[in-house]
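Topology and contacts: notes
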Amino acid sequence: MSTSSSNGLLPPVSISRLHHDVEVGRSSTKEDDHEVSSPPGPFDIEHTKNAPRETLKRWRQAALVLNASRRFRYTLDLRKEEDKEQRRRMIRAHAQVIRAAVLFRLAGERQIGVGPNVTSPTAIGDYGIGLEQLASMTRDHDFSALQLYGGVKGLSNLLKTNIERGISGDETDILKRRNAFGSNTYPQKKGRSLLRFLWEAWQDLTLIILIVAAAASLALGIKTEGIEEGWYDGGSIAFAVLLVIFVTAVSDYRQSLQFQNLNEEKRNIQLEVMRGGRMIKISIHDIVVGDIVPLNIGDQVPADGILVSGHSLAIDESSMTGESTIVHKDQKTPFLMSGCKVADGVGTMLVTGVGINTEWGLLMASISEDTGEETPLQVRLNGVATFIGIVGLAVALSVLVILLVRYFTGNTKDAEGHVQFIKGSTSISRVVDDIIKIVTIAVTIVVVAVPEGLPLAVTLTLAYSMRKMMADKALVRRLSACETMGSATTICSDKTGTLTLNQMTVVEAYAGRKKLDPPNDSSQLHEVVTSLLHDGIAQNTQGNVFVPKGGEDVEISGSPTEKAVLLWAVKLGMKFDVSRSESTVLHVVPFNSQKQRGGVAIKRNNSEVYIHWKGAAEVVLASCTRYVDLNGQFQPIDEEKDFFKQAIDDMATRSLRCLAIACRQHDLDSVPADEESLDKWVLPEDDLILLAIVGIKDPCRPGVKDALKVCVEAGVKVRMVTGDNIQTAKAIALECGILDPSDNASPPNVIEGCTFRSYSEKEREHVAKRITVMGRSSPNDKLLLVQALRKGGDVVAVTGDGTNDAPALHEADIGLAMGIQGTEVAKESADIIILDDNFASVVKVVRWGRSVYANIQKFIQFQLTVNVAALVINVVASLSSGDVPLNAVQLLWVNLIMDTLGALALATEPPTDHLMHRLPVGRREPLITNIMWRNLIVQAFYQVCVLLVLNFSGKSILKLNDDTPQRATMVKNSVIFNAFVLCQIFNEFNARKPDQINVFSGVTGNPLFMAIVGTTLVLQIIIIEFLGKFTTTVKLDWKQWLVCVGIGFISWPLAMVGKLIPVPETPLAKYFVRSFRRWRRA
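**Examining the side chain of Ser623**
Within the secondary structure, Ser623 is located in the loop between α23 (617-622) and β17 (624-628). The class for Ser623 is buried, based on a relative accessible area of 13%. Apart from the residues within four sequence positions on either side, Ser623 is in contact with Arg597, Glu685, Asp686, Asp687 and Leu688.

**Details of the nonpolar core**
For soluble globular proteins, the rule of thumb is that nonpolar side chains tend to be buried together. If you look at the biggest cluster of nonpolar residues, it comprises 157 residues, and the most contacted ones within it are Met485, Ile814, Ile832, Phe839, Ile860 and Phe980. Tallying contributions element by element places helix α33 (residues 839-881) first for this core, with 19 residues. Among residues more than four places away in sequence, those in contact with Phe980 are Val866, Ala869, Ala870, Ile873, Leu886, Val894, Gln943 and Leu947. Core analysis: the next-biggest nonpolar cluster, separate from the first, contains 46 residues, Leu295, Met320, Met337 and Val351 among them.

**Concerning a nonpolar patch on the surface**
On the surface, Val1018, Leu1019, Ile1022, Phe1026 and Leu1027 cluster together into a nonpolar patch covering about 430 Å² of accessible area. One can find Leu1027 in the loop between α37 (1007-1026) and α38 (1028-1031). The partly exposed category is assigned to Leu1027, whose relative accessible area is 30%.

**Focus on the packing of helix α16 (residues 376-408) against α33**
Their axes nearest at 10 Å, the elements α16 and α33 cross at an angle of 10 degrees. Between α16 and α33, the angle is such that the two are roughly parallel. Only Val852, Tyr853, Ile856, Ile860, Leu864, Asn867, Leu871, Val875, Ser878, Leu879, Ser880 and Ser881 of α33 make contact with α16, whose side of the interface consists of Leu377, Arg380, Leu381, Ile388, Gly392, Val395, Val399, Ile402, Leu403 and Arg406. For the contact of α16 with α33, a count of residues per class yields 15 nonpolar, five polar and two charged.

**Thoughts on the packing of aromatic side chains**
Tallied over the entire structure, the rule returns 15 aromatic pairs. Ring centres of Tyr464 and Trp848 lie 6.1 Å apart, and the angle between their planes is 70 degrees; on these two criteria the pair is classed as edge-to-face. One end of the pair, Tyr464, is in helix α18 (residues 453-471); the other, Trp848, is in helix α33, with 384 residues separating them in the sequence. The buried category is assigned to Tyr464, whose relative accessible area is 11%. For Trp848, a relative accessible area of 6% corresponds to the buried category. Between Phe989 and Trp1052 the ring centres are 5.5 Å apart and the planes differ by 80 degrees, which places this aromatic pair in the edge-to-face class. In this pair, Phe989 sits in helix α36 (residues 965-992) while Trp1052 sits in helix α40 (residues 1051-1058), placing the two residues 63 residues apart along the sequence. Trp1052 matches Phe989 in its accessibility class, with the two residues each being buried. Through a chain of ring-to-ring contacts, the aromatic side chains of Phe986, Phe989, Phe1000, Phe1009, Phe1049 and Trp1052 assemble into a single cluster. Between Arg513 and the ring centre of Phe643, over which it is positioned, the NZ or CZ distance is 4.3 Å.

**Looking at the sheet that holds strand β24 (residues 796-800)**
Pairing is mixed in the open sheet, where eight strands are placed in the order β8-β26-β25-β24-β9-β21-β23-β22. For this open sheet the edge positions go to β8 (474-476) and β22 (750-752), each flanked by a neighbour on one side alone. Averaged over all pairs of adjacent strands, the angle between their axes in this sheet comes to 20 degrees, without regard to strand direction. Two elements, β8 and strand β26 (residues 832-834), share three bridges in a ladder whose sense is antiparallel. Bridge assignment links Ala474 to a residue of β26, and that residue is Ile834. Contacts from helix α27 (residues 726-736) reach β21 (717-721), β22 and β23 (773-775) within the one sheet, and its direction differs from that of β23 by about 150 degrees.

**Re unusual backbone geometry**
Here Asp517 and Pro518 are connected by a cis peptide whose omega angle stands at 0 degrees. Cis geometry marks the peptide bond from Pro747 to Pro748; its omega dihedral reads 0 degrees. Residue placement: Pro748 occurs in the loop between α27 and β22. In this model, Lys160 sits at a positive phi of 55 degrees, which is unusual for a non-glycine residue. Relative to the assigned elements, Lys160 resides in the loop between α8 (151-158) and α9 (171-181).

**Describing the pattern of salt bridges**
In total, this model carries 33 salt bridges according to the counting rule given. A salt bridge links Arg513 to Glu640, with the nearest nitrogen and oxygen atoms 2.2 Å apart. Linking Arg513 in the loop between β10 (505-511) and β11 (514-516) with Glu640 in the loop between β18 (634-636) and α24 (641-653), this pair joins segments that are 127 residues apart in sequence. Classification of Arg513 by relative accessible area gives partly exposed; the value is 44%. On the accessibility criterion, Glu640 (15% relative accessible area) is buried. The structure contains a network of salt bridges with shared partners spanning Asp494, Lys782 and Asp805.

**Quick look at the pairing of strand β25 (residues 814-818)**
For β25, the tally of buried residues reaches five of five residues, placing the bulk of the element in the interior. The parallel pair β24 and β25 is bridged by helix α31 (residues 806-811), and the resulting crossover is right-handed. In terms of strand pairing, β25 meets β26 through three bridges, oriented parallel. Following the sheet pairing, Ala817 is matched in β26 by Ile833.

**Overview of the environment of Ala830**
By the secondary structure assignment, Ala830 is in the loop between α32 (824-829) and β26. Residue Ala830 is classed as buried on the basis of its relative accessible area of 0%. In this structure Ala830 touches Arg477, Arg478, Gly815, Leu816 and Ala817, once residues within four positions along its chain are discounted.

**Some thoughts on the confidence of the model for the protein**
Here the protein shows a mean pLDDT of 82. Residues at 70 or above account for 86%. Across residues 1-38, where pLDDT falls below 50, the model places 103 contacts with residues more than four positions away in sequence or in other chains.

**Let's talk about the environment of Phe1030**
Tracing the backbone shows Phe1030 in helix α38. C-alpha separation for the pair Phe1030 and Ile237, spaced 793 residues apart in sequence, amounts to 7.9 Å. Ignoring any residue separated from it by four or fewer positions in sequence, one finds Phe1030 in contact with Trp231, Ser236 and Val889.

**Some points on the pairing of β10**
Remember that side chains alternate between the two faces of the sheet whenever the strand is regular. Burial runs high along β10: five of the seven residues are buried. Relative to β11, β10 runs antiparallel, the two sharing three bridges. Bridge pairing in β11 places Ala509 opposite Leu516. A loop of two residues connects β10 with β11, the two strands running antiparallel in sequence, and Gly512 in this loop sits at a positive phi of about 65 degrees.

**Things to note about helix α39 (residues 1038-1049)**
Between its terminal C-alpha atoms α39 stretches 16 Å, which fits the 16 Å expected from twelve residues at 1.5 Å a residue. All of the buried residues in α39 are Gln1040, Trp1041, Cys1044, Ile1047 and Gly1048. Down the axis of α39, the smallest arc covering the buried residues is 125 degrees, so these residues share one side. Away from the buried face of α39 by more than 90 degrees, exposed residues Trp1038, Lys1039 and Leu1042 are located. Contacts made by the buried residues of α39 are with α35 (930-957), α36, α37 and α40. Capping of α39 at its N-terminal end is provided by Asp1037; its side-chain oxygen lies 3.1 Å from the backbone amide nitrogen of Lys1039.

About the thresholds
Residues numbered from 1 in each chain as written. Predicted model: local features only at pLDDT ≥ 70, side-chain atom pairs only at ≥ 80, totals over all residues. Heavy atoms only, no water. Helix = DSSP H or I, 4+ residues; strand = E, 2+ residues; numbered from the N terminus. Buried < 20%, exposed > 50% of the residue type's maximum accessible area, 1.4 Å probe, protein only. Contact = heavy atoms within 4.5 Å. Core = buried A, V, L, I, M, F, W, Y, C linked by side-chain atoms within 4.5 Å. Patch = residues over 30% accessible without salt bridge, like charges linked within 9 Å, V, L, I, M, F, W, Y side chains within 5 Å. Areas by Shrake-Rupley, 256 points an atom, 1.4 Å probe, with all protein chains shown as cover. Salt bridge = Lys/Arg side-chain N within 4 Å of Asp/Glu carboxyl O. Axes fitted to C-alpha atoms, helices over the stretch in contact; angles between N-to-C directions. Parallel < 35°, antiparallel > 145°, perpendicular 65-115°, else oblique. Nonpolar A, V, L, I, M, F, W, Y, C, P; charged D, E, K, R; others polar. Phe/Tyr/Trp six-rings, centres within 6.5 Å; stacked < 30°, edge-to-face > 60°. Lys NZ or Arg CZ within 6 Å of the ring centre and 35° of its normal. Pairing = 2+ DSSP bridges. Right-handed = clockwise from strand over helix to strand, strands pointing away. pLDDT = per-residue confidence, 0-100. Expected span 1.5 Å × (residues − 1). Arc of directions from axis to C-beta. Polar contact = N/O pair within 3.5 Å; in protein donor to acceptor, adjacent residues only side chain to side chain.

Next comes the structure, spelled out in structure tokens:
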């Protein structure tokens, strides 16, 4: 197996100049590949996207957790997910039963000859029908009621809606409709309050034990020393625990608010409606009853409604009924349900029910609470936390046993040198008090040792990244995609709108055998051609042309391609409304990305029937047998086909999109007579007459070239996958920088979709790696490419905008849907939505993905350094002297710095350019790299050595021999505690740049980091100087402060020197794994 296929990294062909990613690991070696792979552990989950339920259960059961409600807050709540699905099934079943009952009743009434029992519409307020009647008709799909109300036309009159122009749309009209029929929103379950977060932070088992110990210590202290002095020990522990709980809860609460805001963004779908005769874009929440809404493939039905008109309209109602069958809609079955998706065809609907008055609204109101989602990094960190926790528990238990044994054997002395326990003379209350202190220290070591905040640091950095990514025009729908993007080795990008501006204009046109110059000069066209073009363009479109009354510029809506062609036709003299009124649409075939064309059958007012086609130039040209010459005569095309093909190639090589417009006449008698047959009519695609070929310019986006350069430097291969002509694709690829002029522009580097799909599965896997540009590709070709690349070991990101792109978006490691041109189906299948459809935004997502991983590693390094140092110091001290220099309150403060404040400071570091000069992150690379181990060992070793020297020889070093033993011990322990905390503050800077000498670069760009470090320092000064009775410390003089600052400061030059120590490429963990495997095989 190759290197790339073993760990998802690119083979070092074009990127050998890149240095290895020293933070996140390196690419594996052949030796690694030949190692016998061990069965995956419960925390080895490469993909949490679509992961089996059993796999998710397994890692939860394996995790060592002290506070389950907090640890698993942002993971998928399996029980709630099951409840949600059950509730969904119940609501679906309820709706189906009601419908079945209505149908049964209607059938019975027809059988016995009784007319349907439907009451006439009752006028309420300004409208001829009330909310209850409207909701009942839509909910029950009551066709007889619709007929009684006069069908769609009669119902629109009752709702004061013009079917052609929509509602007026002024503020007064909208307000009246909202008051009468409700708004298109539903009640949301309130997010957790701060009190709930406080309660959950309180659930930590160790904190509960500490509170109990604090209460007992408080009671005994007051009993033995009186209330004035006796409350300090117990009270200080209780206060420290409450502070930890409060800071933790506030941090978690802020995260939850960020997630709530992001969820609101996800629900805020933008769509077009017809108001006042023009198409306008509004939020789904602003839809009102009476609105006229166009429906296209991939759209979500935004509210309940009635079909006004449609062609081949097919709806996927699985979200409501649970059945995957596609339901065809026509005038006999016109009812549309909110939340369903348009699977095929086109149509227009009249909105009859919104918000809570729809089944979808009821459903969403009952299950709107987010049940979370885990990410691969979160699962791995739970594994790390579990391992560290087990070690910490073992250490804490050892300290507990050692201290208890030393205490009861008379080897423990107090600050003045007196033996603490003398059998027969020490009082029971004194013994209990001493035992509580010992237990408290052991439990506090567990608090410090078990990194509960480690997995939650992922959520923190993801919440921060997601909020910042919104500013970078990327909306994250699936948390795991945020970090998986850091591992992306290839991006399969669309061309139109992603690499180009999607601002299309017709710049060249051929009609007859002549190139029009300028392309919009109608005087060069015969009136026969002009008439047919006007008909074909006006009717064979999903766009619209609105002409304002004040003589302002026309407003054109629709897709960018539609808008370009409509604008060209308007300049040729087309009157959109007039052209539409002169013919009737018989049947529509919406543009299909497989056939790469769309058609319409129309009947002119003189009863002539024409079928118009518009689509990819070479595809339509292949179906043409004639063309219209400059005299308006139909001529055979055989001899001129080469001319037209050459014209297409010339335009394509200049990066123009080529579109052909053709038509044919059809016999009226051959047109299906009834509506059902007409709906199934397959429009003839042969024997076409070529009317025109147009070249559409869609310029490259500014900045795309630079973004692609960044990808190359980052080791990410960009592949263009487009439905356009291969020549156009090649020209744009050269213009953008995807192809270099020196590159081989022949297969398989530049390939057509039909060629790729003709290969066998093995051949596709081999060829896929070499593909740079794929032209004339269908959505299925894109899916095949994604599958082949993933089998070859690549981590694949895919962009898509159409409904047919959904399988590829779902299959890819990261699906990126376009926010402007993307359909709702594509967006729902995607992990991230690129709000501005810009490739540069995709590259920013890669930066953020790498930043998430790097920030977590910074936090791990920082936290493990604190862990190791605190544990070793306390264990060695307890073994040797029976006492610990860091007491419970001090350890709780250290835990707060390490866990919550450390995560806030390091997990919110913004991404740097340095991240994009590395290879992608290997998915199986260890979280703790050799670089991190080196930094950790250097810092922890330094801290342990210095602080243990102070612990054992501090009195003489600090010249405290003249003080009383108790005072000397207090000062020594205060210096140890102060120096230890300052070491962590200085080491926080080192953790920012694990692999760079200059740890201060960009530090001013993160004000939160500076604020947290500054706040921690100020609080430490307050603790030492003013809160000594709480923390069992004393005030330090300036010399002692200088010693503490000096000890902390040395960690900076030490880190610089440490980074000069070379480390082996093979991760340390692999040495242990190999040794273990060899031992097992032996």
